[in-house]
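Tertiary structure, described
Chain by chain, the residues run as shown.
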Amino acid sequence: MGEDRSTKWSRGLVGADRDAETLAERARRGASLVIAGPRGSGRSYLLRTIAAELERHGQLAVELRTSCALSAVDFGAFDASGCPELRSLRDDPTTATVEGVVVVDDVDSLDVQSTRALARGIAARRVTAVIGLRTARPRSIDRPDDSAVVRRTVLDLWLDGLARRIDLAELSDDDALAMIELFPGTELLDSATRAGIVWRADGSRTLLRQLIIESTSAARAGRDPLTALRVVARDSRLAITLARHVADFPRVDLECLAGNRRLPHLEFAVATRLFDAESVAALIAGGLLHADASVDRRLTVNDLVAQEAQRQLGDAHVESLIDTAGARMLAEADEWWSSTVAVSLSERWHRLGIEASGELTYSPALRARVALNAAREANDRGDSAHAAAHAARGLRAQDDPALRLEAELATPAPMLSLDDRGEIGSADAIRRLARSRAARSIDGTADGLLDKGDDADSRIEAALADANRATANMDWARAADIATSAADEPDASPAAHVRALVAAGSAGLSAGDGARPRNSSAGSNACSTRGSGRPESPFAIGSSPSCLCSPRIRSRGRTDRPCGRAWTAR
């Protein structure tokens, strides 16, 4: 025999608040239910599953279909149902009884007369109904009007104790991961990709479903699933679902999301200068923005939702927001500065040229400062071409030792001897040490490239260079001890802590001591530095690990809990 339809559907229900079998049993015993939930909560799917459960137990489920076309017609839904008992309820509302359970999805589209007749039947215990009621998300501007006759009638059923209300919770992380397992082809998605999909779904089951379909399709084609989500085809199912998900966001939220997409890893204090502070706080609480554990609390935005926010605002409006941010920073440079804004500003100057960009209206010192931030960021990305271009433009404005260093780092000519390169390790470490040495040279405190200096990050880099030499000699225990000591530096930056911690873990595993990285007091802090994108891939020991997980697996309890990070050696 073929598998029963309701059994198949019930397997697709994930969440403690949506036990279709229990809810159907309540309806069979005569209890009317109001299933309330926002758009994307899976309300319609739950109602269909309840109807299937009723049919499985031999109970008639009368599905009352609603539509905008019928909402203006008196008893339009009853007449369109084709159910004689519903028609009798219309003709003789005082004595007619409906056998079975009436299932109504999206009651807002039900006409007034049908709603009143249904409510009278429920109140008289001659009708049992399961009714779907759309609610709004916390900051939605598209809030259903509870004073409207249809909604007021349904809500009164609940308030008068004639129907029990079931509020569907937003999608939790654990439920989302469980839902992914239900779809075919998801064995192609690793844990990090699944985490990224869950974060981008923003608590919407409908959006999660489309993201899974797109990701598995990309994986089957041999493409990176998360990279495939960066460009959403217009008029695709994902695009339409995403547009509906974002449609009721307040405009200030759209500006904040789109602005943070254009200004990645913006400092929290700067974000509240440029965008509505209440919006920034609300988006962090809701999980669409994530503030990392650094002192600056740098922000990472849900790129999928932010992409749609920019589409709805229009590119011209978002561009004006970014231009305004850059102009304000330069005007208030003595008070505050943001490297993220400076990079965006330098890229604009690079694109438009000296005359059209208005660069010459600012002082040489400011122009050099902007160029320095952009050159450093480009060098750190490995984009030597743009790093050289930014540095050259800055040096035209003002000669600066730091800019000369970035220009040198961007050139293919080696800065260091082969012996030095072998001693230090990765190009990332070379850059960091070169910058540290250049900064200390101004003060006359540098004694050499591997001078440990007074700042914690430099000490960590020097220690990791020592650990790398121990690794080369296959002295794993000593390498792990050195790296673990480096991870215990109290004043180091979060990124430096992560580098030291992973180096300690790599050496510890090679030495057969899997518990070693957990013994470092830096462990909990380092692993909580989430949201700034992928940490720099820097490390001298072993291979360069990078965190492939999404910036955040959101806790719907609004607490910022660490996610299970998937570290892979590449």
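This is a predicted model, so every value here is computed, not measured.

Here's the deal with the overall build of the protein
Scanning the protein from terminus to terminus reveals 28 helices and 9 strands. By the burial criterion, 49% of the 570 residues in the protein qualify as buried. Considering only intrachain contacts with a sequence separation of at least 6, the fraction spanning at least 24 residues in the protein is 69%. For the protein, the computed accessible surface area is about 25700 Å², with 50% contributed by carbon and sulfur atoms.

Section: unusual backbone geometry
Even without being glycine, R125 reaches a positive phi, approximately 65°. Along the polypeptide, R125 turns up in the loop between α7 (112-123) and β4 (128-135). The backbone phi angle of R297 is positive, close to 50°, even though this residue is not glycine. With respect to the helices and strands, the residue R297 is situated in the loop between β6 (289-291) and β7 (299-301).

With respect to the side chain of T193
Looking at the element boundaries, T193 is found in helix α10 (residues 191-201). Of the residues examined, T193 reaches a relative accessible area of 9% and is grouped as buried. Not counting residues within four places of it along the chain, the set of residues in contact with T193 comprises P225 and L226.

A short note on the confidence of the model for the protein
For the protein, per-residue confidence averages 79 on the pLDDT scale, and 79% of positions sit at 70 or higher. Contacts for the low-pLDDT stretch residues 1-11, under 50 throughout, to residues beyond four places or in other chains number 16 contacts. Between residues 416-425, whose pLDDT stays under 50, and residues either more than four places distant or in other chains, the model counts 22 contacts.

Overview of the pairing of strand β3 (residues 101-104)
Here β3 shows no split at all, with V101 and V103 on one side and V102 and V104 on the other all buried. Relative to β3, strand β2 (residues 61-64) runs parallel, the two being bridged by 4 bridges. Counterpart to V62 in the pairing with β3 is V102. Bridge analysis of β3 against β4 gives 4 bridges, and the strand direction is parallel. Note on β4: the bridge partner recorded for V102 is A129. Once the chain exits β3 it traverses α7 before rejoining the sheet at β4, and the crossover so formed is right-handed.

With respect to the packing of helix α25 (residues 456-472) against helix α27 (residues 494-510)
Relative to each other, α25 and α27 sit at 20°, their axes nearing to 10 Å. Taken together, α25 and α27 sit at an angle that is classed as roughly parallel. Considering only the axes of α25 and α27, their crossing is left-handed. Of the residues in α27, those in contact with D457, I460, E461 and L464 of α25 are A496, H497, R499, A500 and A503.

Some details on the sheet that holds β2
The sheet built from 5 strands is open, its strands ordered β2-β3-β4-β1-β5 with parallel pairing. Edge positions in the sheet fall to β2 and β5 (163-167), since each of these pairs with one other strand and no more. Pairwise comparison of adjacent strand axes, ignoring direction, gives a mean angle of 20° for this sheet. Running at roughly 130° to β4, α7 makes contact with β1 (32-38), β3 and β4 of the sheet.

A look at the packing of helix α14 (residues 251-262) against helix α18 (residues 315-331)
The interhelical angle for the contact between α14 and α18, taken along N-to-C directions, is 70°, at an axis separation of 10 Å. Put simply, α14 runs roughly perpendicular to α18. In the packing of α14 onto α18, the handedness of the crossing is right-handed. Contact residues: α14 offers R251, E255, A258, G259 and R262, while α18 offers H317, V318, E319, L321 and I322. Along the lines of polarity and charge, the residues of the contact of α14 with α18 split into 4 nonpolar, 2 polar and 4 charged.

Parameters at a glance
Residues numbered from 1 in each chain as written. Predicted model: local features only at pLDDT ≥ 70, side-chain atom pairs only at ≥ 80, totals over all residues. Heavy atoms only, no water. Helix = DSSP H or I, 4+ residues; strand = E, 2+ residues; numbered from the N terminus. Buried < 20%, exposed > 50% of the residue type's maximum accessible area, 1.4 Å probe, protein only. Contact = heavy atoms within 4.5 Å. Areas by Shrake-Rupley, 256 points an atom, 1.4 Å probe, with all protein chains shown as cover. pLDDT = per-residue confidence, 0-100. Pairing = 2+ DSSP bridges. Right-handed = clockwise from strand over helix to strand, strands pointing away. Axes fitted to C-alpha atoms, helices over the stretch in contact; angles between N-to-C directions. Parallel < 35°, antiparallel > 145°, perpendicular 65-115°, else oblique. Left-handed = near helix turned anticlockwise from the far one by under 90°. Nonpolar A, V, L, I, M, F, W, Y, C, P; charged D, E, K, R; others polar.

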